[in-house]
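Chain and residue survey
Residue-level listing of the chains:
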Amino acid sequence: MLAALQRKEKGFLYLETHSGRGAYDLAHSAAEAEGGVARFSATANNSAELQRYAAHLAEYRTQQGNSHAYPGSPLLAARELRPQDRAVLVELMPAEAHTLELAIADNPRIRVETGDGFERLRAWLPPSERRGLTFIDPPYEETNQDFERVTTAVIEALRRFRTGIVAAWYPIKDEREIAAWQLELARHLDCETLVAELWLYPRDSRIALNGSGLLIVNPPYLLAERMRVWLPELQAQLDVAGQVGGTSIRSLPGMPR
């Protein structure tokens, strides 16, 4: 999505509402990493998007001198900023926000704020550039409440910045819960909305995280087409069992325009 914004010379704003610390050492969560990024192979990618991600990951680990280092979304986004672009990264926990500040200290185009990302969204939209991407990525510790707050945030972001790209990550834990949330959100949207999902386990199991979804409002041109190329490629690497996983890229029906 950031690459799509780079197609025009004019600058853009990247706003992330739940940034975390930005940099992680997966040696401290080896078991979790083994079921995720450790299955990602830098040499098994045919798509340009996954090749680019693999290159970013390898370069970051080389810079850190740590094969277990892992860049979160703030650091990946920071790599994409041009001199005319800027970013605002919001994190609720002061200690995490401080760690994030240290991780991006050498980039003057990025501002880190400590606060509630859902609330701070209102302060930064619309951006002066009139172009941008808002990434909403809460922890979903209180799942139902966070889904409600994501709905409110997406609606508010579009009310303030009609043409901006809004991307909201969500966990796939219960199929009925996801369907009900998307149905409710669709009632409030009258612009193009894309839903992309990847899952490794049965979608209706409440035992653990079964997969991930990304809801994208005002998706860039050809984004869906490209995701249909690289998302199954990524899923094939992660789904070592090869039995119950899958991917889906579809449009979310909204209100009549």
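Keep in mind that what you see is a predicted model, and the values were worked out from it rather than measured.

**Some remarks on unusual backbone geometry**
- The residue after Leu125, namely Pro126, is reached through a cis peptide bond having omega 0°.
- Examined against the element boundaries, Pro126 turns out to sit in the loop between α6 (117–124) and β6 (132–136).
- Positive phi is not limited to glycine here, since Asn218 has a value of about 60°.
- Positioned with a positive phi, Leu222 is a non-glycine residue whose angle comes to about 70°.
- Summarising the element assignment, Leu222 is placed in the loop between β9 (211–217) and α9 (223–238).

**Quick notes on the nonpolar core**
- Within the largest apolar cluster, 43 residues are counted, with the highest numbers of intra-cluster contacts made by Tyr14, Ile216 and Met227.
- Residue contributions to this core peak at 7 residues, all from α9.
- Setting aside its immediate chain neighbours within four residues, Met227 contacts Leu194, Ala196, Ile216, Pro232 and Ile249.
- If you look at the next biggest cluster of nonpolar residues, it comprises 31 residues, including Leu13, Tyr170, Leu185 and Leu215.

**Here we look at the layout of surface pockets**
- By volume, the second largest pocket is sized at about 320 Å³.
- Along the walls of the second largest pocket sit 16 residues, with Leu5, Lys8, Arg131, Ile165 and Pro220 positioned nearest its centre.
- Here the lining of the second largest pocket is built from residues that sort into 7 nonpolar, 4 polar and 5 charged.

**Focus on the pairing of strand β7 (residues 165–172)**
- In terms of burial, β7 is a largely internal element, 7 of the 8 residues being buried.
- Judged from the 4 bridges that link them, β6 and β7 form a sheet pairing that is parallel. Looking at the pairing, Thr134 lines up with Val166 of β7.
- Where β7 meets β9, 7 bridges bridge the pair, whose relative direction is antiparallel. Bridged to Val166 within β9 is Val217.

**Some thoughts on the packing of helix α7 (residues 143–160) against helix α8 (residues 175–186)**
- Direction vectors running N to C along α7 and α8 enclose 25°, while the axes themselves pass 11 Å from each other. Relative to α8, α7 is oriented roughly parallel. Where α7 crosses over α8, the handedness of that crossing is right-handed. For the pair α7 and α8, contact is made by Thr143, Asn144, Phe147, Val150, Thr151, Val154 and Ile155 and by Glu177, Ile178, Trp181 and Leu185, respectively.
- Split by residue class, the contact of α7 with α8 holds 7 nonpolar, 3 polar and 1 charged.

**Some thoughts on the pattern of salt bridges**
- Evaluated as defined, the whole model comprises 18 salt bridges.
- Across the pair Arg162 and Asp190 runs a salt bridge, and its minimum N-O distance is 2.8 Å. You can see Arg162 sitting in the loop between α7 and β7 and its partner Asp190 sitting in the loop between α8 and β8 (193–199), a full 28 residues away along the chain.
- Judged by relative accessible area, Arg162 falls into the partly exposed class, the value being 45%.
- Note on Asp190: relative accessible area 23%, which makes it partly exposed.
- Among the ionic pairs, Asp174 bridges to Arg176, the shortest N-O distance being 3.5 Å.
- The structure contains a network of salt bridges with shared partners spanning Asp116, Glu119, Arg122 and Arg149.

**Brief notes about the packing of aromatic side chains**
- For the structure on display, the rule yields 5 aromatic pairs.
- Relative to Tyr53, the ring of Phe40 has its centre 5.3 Å away and its plane inclined at 70°; by these criteria the two rings are edge-to-face. One end of the pair, Phe40, is in the loop between α2 (30–34) and α3 (48–64); the other, Tyr53, is in helix α3, with 13 residues separating them in the sequence.
- Overall, Phe40 belongs to the buried group, its relative accessible area being 12%.
- Seen from their ring centres, Tyr140 and Trp169 are 5.7 Å apart, and the 65° between their planes marks the pair as edge-to-face. Of the two residues, Tyr140 is situated in the loop between β6 and α7 and Trp169 in strand β7; the sequence distance between them amounts to 29 residues.
- Cluster of aromatic residues (ring-pair linked, three or more members): Tyr140, Phe147, Trp169, Tyr170 and Trp181.

**Considering the side chain of Glu233**
- In this structure, Glu233 sits in helix α9.
- Although Glu233 is buried, it forms no salt bridge, and the closest oppositely charged side chain is Arg226 at an N-O distance of 7.5 Å.
- A distance of 2.8 Å separates the side chain of Glu233 from the backbone nitrogen of Asn46, its partner in a polar contact.
- Sequence-distant contacts of Glu233, defined by excluding residues within four places in its chain, comprise Ala44, Asn45, Asn46, Ser47 and Leu50.

Rules used in this analysis
- Residues numbered from 1 in each chain as written.
- Predicted model: local features only at pLDDT ≥ 70, side-chain atom pairs only at ≥ 80, totals over all residues.
- Heavy atoms only, no water.
- Helix = DSSP H or I, 4+ residues; strand = E, 2+ residues; numbered from the N terminus.
- Core = buried A, V, L, I, M, F, W, Y, C linked by side-chain atoms within 4.5 Å.
- Buried < 20%, exposed > 50% of the residue type's maximum accessible area, 1.4 Å probe, protein only.
- Contact = heavy atoms within 4.5 Å.
- 1 Å grid on protein atoms, 1.4 Å probe; cavity = no way out; pocket = protein on both sides within 12 Å on 5 of 7 lines; lining within 4 Å.
- Points joined across faces, edges and corners; volume = space filled by probe spheres on them.
- Nonpolar A, V, L, I, M, F, W, Y, C, P; charged D, E, K, R; others polar.
- Pairing = 2+ DSSP bridges.
- Axes fitted to C-alpha atoms, helices over the stretch in contact; angles between N-to-C directions.
- Parallel < 35°, antiparallel > 145°, perpendicular 65-115°, else oblique.
- Left-handed = near helix turned anticlockwise from the far one by under 90°.
- Salt bridge = Lys/Arg side-chain N within 4 Å of Asp/Glu carboxyl O.
- Phe/Tyr/Trp six-rings, centres within 6.5 Å; stacked < 30°, edge-to-face > 60°.
- Lys, Arg positive; Asp, Glu negative; His and termini not counted.
- Polar contact = N/O pair within 3.5 Å; in protein donor to acceptor, adjacent residues only side chain to side chain.

Function cannot be read off these values alone, since they describe shape.
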